[in-house]
Amino acid sequence: MTAPTQSLPTLAAAYITLGLTLALPSPGRAAETASNGEKDKRTVTVVVENDVFYDTDRHYTNGVRASWAGSINGAPRWAAAIADRVPFFPKSGDVHTLYTLGQNMYVPSDITQESPPLSDRPYAGWLYGSVGLVKETDKQLDQLNLSLGIVGPSAFAEDTQKFVHKVIDSNDPKGWHTQLGNEPALLLSYQRSWREVISRPVRALTLDVTPTLSAALGNVFTHAGAGATLRFGNITPLRAGTNGRPLDFGPPRIQPSAPGSVFFFSADRFTWYLFAGVEGRAVARNIFLDGNTFGHSRSVNSEPWVGDAQFGFVAAWRDWRASYTHVMRTREFVGQRERDDFGAFSVSIRF
């Protein structure tokens, strides 16, 4: 049964109000300059992931996420205090706070069937807001995020997909009445990236490798992962104060994914790079396959090992950055016939 759509503005407003309240800097921490000497700015990033780029409409079919990364010296005192006490964070470095609002959408292989086969992945939606702590050093990035939200009809994935499909005159999804039931969604996730573990000049360009680790715990996802990304291009901005650091830690993505970074350095020149990477995950739980935690719902047998291969490009100029990523994901459940391909497009601006 679909939740009343008039609740959507109220829920969205609650998340936005929470994020803006937490984002306000504490007295005495006005934004000035970061420890690397660059002028401190806030960053807004929008990421859209969809399989329409590859003419499919199945499984993980759409994700949308908007993020606000606060300025470093404007981080609230509570954020700096917590970052100093996280045992696996580095002792020194710049602290960012990150606030996110997003929605993910999952469907079976054929959305035109009113009653999809029980062997196919169920319909599901996830609406969430998150608060994150990020600590950056010259060579390392640690990201800790706490997400709260809801899975089920109150995530409004049915309303979103039906509206979009009506606008673009696409197939009407008929099986949303079989989706997972309403369930509070809690997720604690951690990601670490090591910058320039391998870095080599190639004429006027740079080739570097960034290894990553990730973990997630909650009733939405529980998994652990590891991977690496190879980049090639004029990765380093010319702007004074960047201390030779690359533009970013990779393009932003929606979880579960290889780690990237919402924030980046402003560039005095047109900065670009090509990238290719892989991540493997050991999966203990995926609610969108395993079904509701506390009640009966449709479910399938999930695969314990899932891998992503991705490649794409990132381009930046001054305070703007854009990226496109092609993701190839291995089969996620028993009976899935082939891998899934989808695209991820992001735009970021610093101000």
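Residues numbered from 1 in each chain as written. Predicted model: local features only at pLDDT ≥ 70, side-chain atom pairs only at ≥ 80, totals over all residues. Heavy atoms only, no water.

(A) Representation of the environment of phenylalanine 263 within the structure. With respect to the helices and strands, phenylalanine 263 occurs in the loop between strand E9 (221-234) and strand E10 (267-286). On the basis of relative accessibility, which here comes to 10%, the residue phenylalanine 263 falls in the buried class. A sequence separation of 193 residues divides phenylalanine 263 from glycine 70, and the C-alpha atoms of the two residues are 9.2 Å apart. Aside from chain neighbours lying at most four places away, what touches phenylalanine 263 is Thr43, His96, Val134, Glu136, Leu141, Asp248 and Arg321. (Helix = DSSP H or I, 4+ residues; strand = E, 2+ residues; numbered from the N terminus. Buried < 20%, exposed > 50% of the residue type's maximum accessible area, 1.4 Å probe, protein only. Contact = heavy atoms within 4.5 Å.)

(B) View of empty space enclosed by the protein. With the rule as written, the count across this model stands at six cavities of 30 Å³ or more. Here the largest cavity defines a volume of roughly 250 Å³. Arg65, Asn145, Gln191, Arg253 and Gln255 are, among the 21 residues lining the largest cavity, the residues nearest its centre. As a volume, the second largest cavity reaches approximately 150 Å³. Lining the second largest cavity we find 18 residues, and of these Phe221, Pro256, Arg281, Asn286 and Glu332 sit closest to its centre. A total of four residues in the lining of the second largest cavity trace back to one element, the largest contributor, which is E10. In the lining of the second largest cavity, the residues fall into seven nonpolar, five polar and six charged. (1 Å grid on protein atoms, 1.4 Å probe; cavity = no way out; pocket = protein on both sides within 12 Å on 5 of 7 lines; lining within 4 Å. Points joined across faces, edges and corners; volume = space filled by probe spheres on them. Nonpolar A, V, L, I, M, F, W, Y, C, P; charged D, E, K, R; others polar.)

(C) The arrangement of the pairing of strand E12 (residues 320-329) in detail. The element E12 is largely enclosed, with a buried count of seven among its ten residues. Here strand E11 (residues 305-318) pairs with E12 via ten bridges, running antiparallel. By the bridge assignment, phenylalanine 313 is partnered in E12 with tyrosine 324. As consecutive antiparallel partners, E11 and E12 are separated by one residue. Looking at chain direction, E12 and strand E13 (residues 340-350) are connected through ten bridges and run antiparallel. (Pairing = 2+ DSSP bridges.)

(D) How the structure looks around the pairing of strand E8 (residues 205-218). Burial along E8 is one-sided: Thr206, Asp208, Thr210, Thr212, Ser214, Ala216 and Gly218 are buried, while Leu205, Leu207, Val209, Pro211, Leu213, Ala215 and Leu217, pointing the other way, are not. With seven bridges connecting them, strand E6 (residues 183-194) and E8 associate as antiparallel partners. By the bridge assignment for E8, leucine 188 is matched with leucine 217. Hairpin remark: strand E7 (residues 198-202) followed by E8, antiparallel, with two residues in the connecting loop; positive phi at arginine 203, about 60°. Across eleven bridges, E8 lies against E9 in antiparallel orientation. If you follow aspartate 208 over to E9, its bridge partner there is arginine 231.

(E) Structural view of unusual backbone geometry. The omega angle of the peptide bond from glutamine 255 to proline 256 is -5°, so this bond is cis rather than trans. Inspection of the secondary structure puts proline 256 in the loop between E9 and E10. Unlike most non-glycine residues, arginine 203 shows phi in positive territory, near 60°. Assessed through its relative accessible area of 85%, arginine 203 is described here as exposed. Its identity as a non-glycine residue notwithstanding, arginine 318 has a phi of 55°, on the positive side. Summarising the element assignment, arginine 318 is placed in strand E11.

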